[in-house]
Amino acid sequence: MFNARGEVGSLPLAAVTDGPMSVEMLTGNTTIDAEHEQLYAILKAARSVCLDAARFENCVACSEARRAGCENQLVGLLGDLLSFILEHFKTEESFMRESLLIMVDRLLCETHMEDHAAISSRIERLVAALDSTRTVSLLRELDQIFGRWVIRHVATHDMALVHWIEREDSALRSGF
Ligand SMILES: [Fe+2]
Ligand SMILES: [Fe+2]
């Protein structure tokens, strides 16, 4: 699947770019937005692991030393990402309890928490699939998880939570 420039194809949706986090990721809650910024920074670092993630189909053309270096970097980044994302999900889930949203709309919170579990297990599967000849395809998959899943998660689940905690009579309101 080559494009006009003979490349394998660009990373999907370009959700992570060299620039700042997109406005789609901003919720209006300062704690959640700061944590999303940290998540974005880790994904941005992942983008710079491969010399050309859009062009390389796999890692076989790179030297063994380079492959080992890329794999090491990806191992470190996925470890950081997993531990950071678990902390972030804990923050949001504690907001659900402290703001009493869990009492007001349990189903909404349960669906949100189920999506957290699904995102963490996708990242755990990536960790389990680590292989020095597949680093570039794992990087593309990470970009897909972020582009197709995390952005949708923020736009639906996180926004619903923030809408509740930033309402006018909320004691947890952060923005004002
Ligand atoms: Fe969330
Ligand atoms: Fe979030």
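Residues numbered from 1 in each chain as written. Chains lettered and ligands numbered in written order. Predicted model: local features only at pLDDT ≥ 70, side-chain atom pairs only at ≥ 80, totals over all residues. Heavy atoms only, no water.

(A) Quick look at a nonpolar patch on the surface. A cluster of nonpolar residues, Leu100, Met103 and Val104, forms a patch on the protein surface that exposes about 340 Å² of accessible area. Assignment of secondary structure puts Val104 in helix H3 (residues 101-104). Overall, Val104 belongs to the exposed group, its relative accessible area being 53%. (Patch = residues over 30% accessible without salt bridge, like charges linked within 9 Å, V, L, I, M, F, W, Y side chains within 5 Å. Areas by Shrake-Rupley, 256 points an atom, 1.4 Å probe, with all protein chains shown as cover. Salt bridge = Lys/Arg side-chain N within 4 Å of Asp/Glu carboxyl O. Helix = DSSP H or I, 4+ residues; strand = E, 2+ residues; numbered from the N terminus. Buried < 20%, exposed > 50% of the residue type's maximum accessible area, 1.4 Å probe, protein only.)

(B) Geometry of the coordination of the iron ion (ligand 1). Taken together, the protein donors to the iron ion (ligand 1) comprise Glu92 (OE), His112 (NE2), His116 (NE2), His153 (NE2) and Asp158 (OD), at separations of 2.0 to 2.2 Å. If you list the donors of the iron ion (ligand 1) from N- to C-terminus, the spacing comes out as E-x19-H-x3-H-x36-H-x4-D. Judged by its relative accessible area of 1%, Asp158 falls in the buried class. (Donors = N, O, S within 2.8 Å, 3.2 Å for Na, K, Ca; no water.)

(C) Fine view of the coordination of the iron ion (ligand 2). Within the protein, the iron ion (ligand 2) binds to His36 (NE2), His88 (NE2), Glu92 (OE) and Asp158 (OD); these donor distances fall in the range 2.1 to 2.3 Å. Note that the iron ion (ligand 2) binds four donor atoms; their angles at the metal cover 78 to 165°, and the shape is irregular. Each donor residue of the iron ion (ligand 2) lies on one chain, and together they are spaced H-x51-H-x3-E-x65-D. Taken as an interatomic distance, the gap from the iron ion (ligand 2) to the iron ion (ligand 1) is 3.6 Å; Glu92 donates to each of them. Of this pair, His36 sits in helix H1 (residues 30-47) while Asp158 sits in helix H5 (residues 135-165), placing them 122 residues apart in sequence. Both residues of the pair, His36 and Asp158, belong to the buried class. (Tetrahedral: all angles 85-135°; square planar, octahedral: opposite > 155°, others 65-115°.)

(D) How the structure looks around unusual backbone geometry. One non-glycine residue, Leu100, lies in positive phi territory at about 65°. One can find Leu100 in the loop between helix H2 (64-98) and H3. Since its relative accessible area comes to 49%, Leu100 is described here as partly exposed.

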